[in-house]
Amino acid sequence: MEAVMNDTAKVVLDGQEYELPVVTGSEGEKAIDITKFRGSTGYITLDSGYKNTGATKSAITFLDGEKGVLRYRGYPIEQLAEKSTFLEVAYLLIYGKLPTTEQLTGFSTNISRHTLVHEDMKRFYEAYPSKAHPMGVLASMVSALSTFYPESQKPNRPIEAIDLTIVRLLAKLPTLAAWSYKNSQGHPVIYPKNSYNYCQNFLHMMFAMPTEEYELDPVVVKALDQLLILHADHEQNCSASTVRIVGSSHANLYSSISAGVIALWGPLHGGANQAVIEMLKMIRNDGGNLQKWVDKAKDKNDEFRMMGFGHRVYKNMDPRARIIKKACDDILNKLGVVDPVLDIAKKLEEVALKDEYFVSRKLYPNVDFYSGIIYRALGIPTNMFTVMFALGRLPGWIAQWKEMIENKEPIGRPRQIYVGENERNYPG
Ligand code: SDX
């Protein structure tokens, strides 16, 4: 489906009127196309943080922030979270349609056969300090993958050649992630098993030891699979935009994904899930005075922010947060886990959503507010939470990169308005 050019916008600059095309997307979203704006007017537009600027036309994910709607390739997130699996969703996002049973079996089998990484990569882990944050390790290990597959660095390869890199990334990220954790614990790495599915393998590599097997709980496996689905894509977020702009220079896919991992690490983005748990534990240790912390979040002179609250595009409850909040109760009950941090989170949400500051700014819990509570119940350590986000987001990053390359989009290079010194001579 293409965006339709069916209207125009008029701009008057220095007494001259300019007509600009308006494009309308398949969900009725409208944009003024300024592709030729500077060439015809000599002006540029300015939009710090791109809050009002579309970077591309995409057919991957649709979200409506006002209504709290999220769909992957047209399928509502609620249905995918309930009925699909992470690898099926990954295929959907990357290739644009749900796979047939045969296609999904081939995709899953292919992935399970590429889960090993070159033995030389184990040596890299030994070079990291033991307390290295797994996100810092993961980003560099993903970039290092490109050095083991030099053919992936050829920019003008046929797009089909990218399929093997896509499989390698999906297959090896769980291994690299689990090994980052083992490295941080000073434990020996655990190798993947082809007989396990995607989530079983990750949990096995995370928690098994050479001396004892890890008993796979179907509740834990299913909960992890659902969390990965909920994180799989989110249109032009900070890390996806990073992957696109790095890829737009025709850097290889491994390097583009590595850049996405780093962008995701920030506490304003994917790093928020770790920051939320740290915040909730801090509030609990501080005596649980919720109003005190809500007031601090509102105080412009206080650097404290309510982590896991607010969103650039959702001005309603993040639909993923709604699903995860409900899953919290289900999963903790099934696992027999009682987590006081969950009670604090629910009460904090209740206090905040009655406060005019949050209500007037439409600040609701986002995907990161409750996800960490499930990760804790699954036994995932806090400093691995953003790694879990990266595992989930990988297919979305790949899909965004692939769409940008297939559409032959130009190298990303924003303009600026210079506000520095005018010309002056070097002294002497
Ligand atoms: C993700 O984009 C995506 O799709 C991202 C993501 C994805 O799936 O890829 O959904 C994942 O990154 C979710 C967001 C996780 N981050 C956090 O939970 C960190 C806490 N949230 C905020 O830092 C903030 O809400 C952002 C960064 C998420 C959004 O910031 P914006 O869009 O730049 O909004 P803003 O900072 O301009 O806030 C508007 C107002 C400001 O107050 P005023 O200037 O109007 O007085 O709301 C206030 C802000 O101070 N505000 C908050 C707040 N978030 C916004 N005040 C207190 N606590 C907060 N959390």
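Residues numbered from 1 in each chain as written. Predicted model: local features only at pLDDT ≥ 70, side-chain atom pairs only at ≥ 80, totals over all residues. Heavy atoms only, no water.

Peer 1: Account for the packing of aromatic side chains, naming residues and giving values.
Peer 2: Within this structure, the stated rule accounts for 16 aromatic pairs. Aromatic pair tryptophan 179 and tyrosine 191: ring centres 5.4 Å apart, planes at 80°, arrangement edge-to-face. One end of the pair, tryptophan 179, is in helix H7 (residues 162-185); the other, tyrosine 191, is in the loop between H7 and helix H8 (198-207), and 12 residues separate them in sequence. Judged by its relative accessible area of 0%, tryptophan 179 falls in the buried class. Here the aromatic cluster, defined as three or more aromatic residues joined through ring pairs, consists of Phe309, Tyr357, Phe358, Phe369 and Tyr370. (Phe/Tyr/Trp six-rings, centres within 6.5 Å; stacked < 30°, edge-to-face > 60°. Helix = DSSP H or I, 4+ residues; strand = E, 2+ residues; numbered from the N terminus. Buried < 20%, exposed > 50% of the residue type's maximum accessible area, 1.4 Å probe, protein only.)

Peer 1: How would you summarise the domain arrangement of the protein if you had to cite specific residues and measurements?
Peer 2: Structurally, the protein comprises domain 1 (4-69) and domain 2 (74-414). Computed over C-alpha atoms, the centres of domain 1 and domain 2 are 31 Å apart. Facing the 16 residues of domain 1 at the interface are 19 residues of domain 2. A combined buried area of about 1400 Å² lies between domain 1 and domain 2, and 53% of that area is made up of carbon and sulfur atoms. Counting the contacts that link domain 1 with domain 2 gives zero salt bridges. Counting every contact that joins domain 1 to domain 2 gives eight residue pairs in polar contact (both at pLDDT 80 or more). (Domains from an automatic or database assignment. Contact = heavy atoms within 4.5 Å. Buried area = accessible area lost by both parts, 1.4 Å probe. Salt bridge = Lys/Arg side-chain N within 4 Å of Asp/Glu carboxyl O. Polar contact = N/O pair within 3.5 Å; in protein donor to acceptor, adjacent residues only side chain to side chain.)

Peer 1: Tell me about the packing of helix H12 (residues 272-285) against helix H17 (residues 367-378), and please be specific about residues and values.
Peer 2: Any two packed helices are characterised by the angle at which their axes cross and by the distance between the axes. Orientation of H12 relative to H17, taken along the N-to-C sense of each, is 80°, at an axis distance of 8 Å. Here H12 lies roughly perpendicular to H17, going by the angle between them. In this structure, H12 uses Ala272, Asn273, Val276, Ile277, Met279, Leu280 and Lys281 to contact H17, whose residues at the interface are Asp368, Phe369, Ser371, Gly372, Ile373, Tyr375 and Arg376. For the contact of H12 with H17, the per-class residue count stands at eight nonpolar, three polar and three charged. (Axes fitted to C-alpha atoms, helices over the stretch in contact; angles between N-to-C directions. Parallel < 35°, antiparallel > 145°, perpendicular 65-115°, else oblique. Nonpolar A, V, L, I, M, F, W, Y, C, P; charged D, E, K, R; others polar.)

Peer 1: Now, about the site of the ligand: what can you tell me, with residues and values included?
Peer 2: Neighbouring the ligand are 25 residues; His234, Gly308, His311, Arg312 and Arg320 lie closest to it. For the ligand, an oxygen atom lies 2.5 Å from a polar atom in the side chain of histidine 234. Summarising the interface, the protein chains cover 79% of the accessible area of the ligand, which totals 1000 Å² for the free molecule. Among the residues making up the shell around the ligand, the classes are represented as 10 nonpolar, seven polar and eight charged. (Near = heavy atom within 4 Å. Areas by Shrake-Rupley, 256 points an atom, 1.4 Å probe, with all protein chains shown as cover.)

Peer 1: Give a detailed account of the pattern of salt bridges, specifying residues and quantitative values.
Peer 2: Counted under the stated rule, the structure contains 20 salt bridges. Glutamate 19 is paired through a salt bridge with lysine 10; the nearest N and O atoms lie 3.1 Å apart. When sorted by exposure, glutamate 19 lands in the same class as lysine 10, which is exposed. The salt bridge partner of lysine 326 is aspartate 330, with a shortest N-O separation of 2.9 Å. On the criterion of helical spacing, the pair formed by lysine 326 and aspartate 330 is a turn pair, its members being four residues apart in helix H14 (residues 319-335).

Peer 1: So what's going on with the packing of H17 against helix H18 (residues 385-406)? Residues and values would help.
Peer 2: Across the interface, H17 lies against H18 with an axial gap of 10 Å and an inter-helix angle of 105°. When the axis of H17 is compared with that of H18, the two are roughly perpendicular. Residue-level contacts link Val367, Asp368, Gly372, Tyr375 and Arg376 of H17 to Phe385, Met388 and Phe389 of H18. Looking at the contact of H17 with H18, its residues break down into five nonpolar, one polar and two charged.

Peer 1: I'd like a description of the nonpolar core, backed by residues and values.
Peer 2: With 122 residues, the main nonpolar core has Phe202, Ile257, Leu280, Ile373 and Ile380 as its most contacted residues. Core analysis: the second largest hydrophobic core is formed by six residues, Ala9, Tyr18, Val22 and Phe37 among them. (Core = buried A, V, L, I, M, F, W, Y, C linked by side-chain atoms within 4.5 Å.)

Peer 1: Help me get a handle on the state of the cysteines, residues and values and all.
Peer 2: Evaluated as defined, the whole model comprises zero disulfides. Left without a disulfide partner, cysteine 328 is nearest to the cysteine sulfur of cysteine 199, which lies 17 Å away. (Disulfide = S-S within 2.5 Å.)

Peer 1: Quick rundown of the pairing of strand S2 (residues 16-24)? Include the residues and the values.
Peer 2: Bridging between S2 and strand S3 (residues 30-32) involves three bridges; their strand directions are antiparallel. Note that in S3 the partner of valine 22 across the bridge is isoleucine 32. Between S2 and S3, which follow one another and run antiparallel, lie five residues, and glycine 28 among them has a positive phi close to 85°. (Pairing = 2+ DSSP bridges.)

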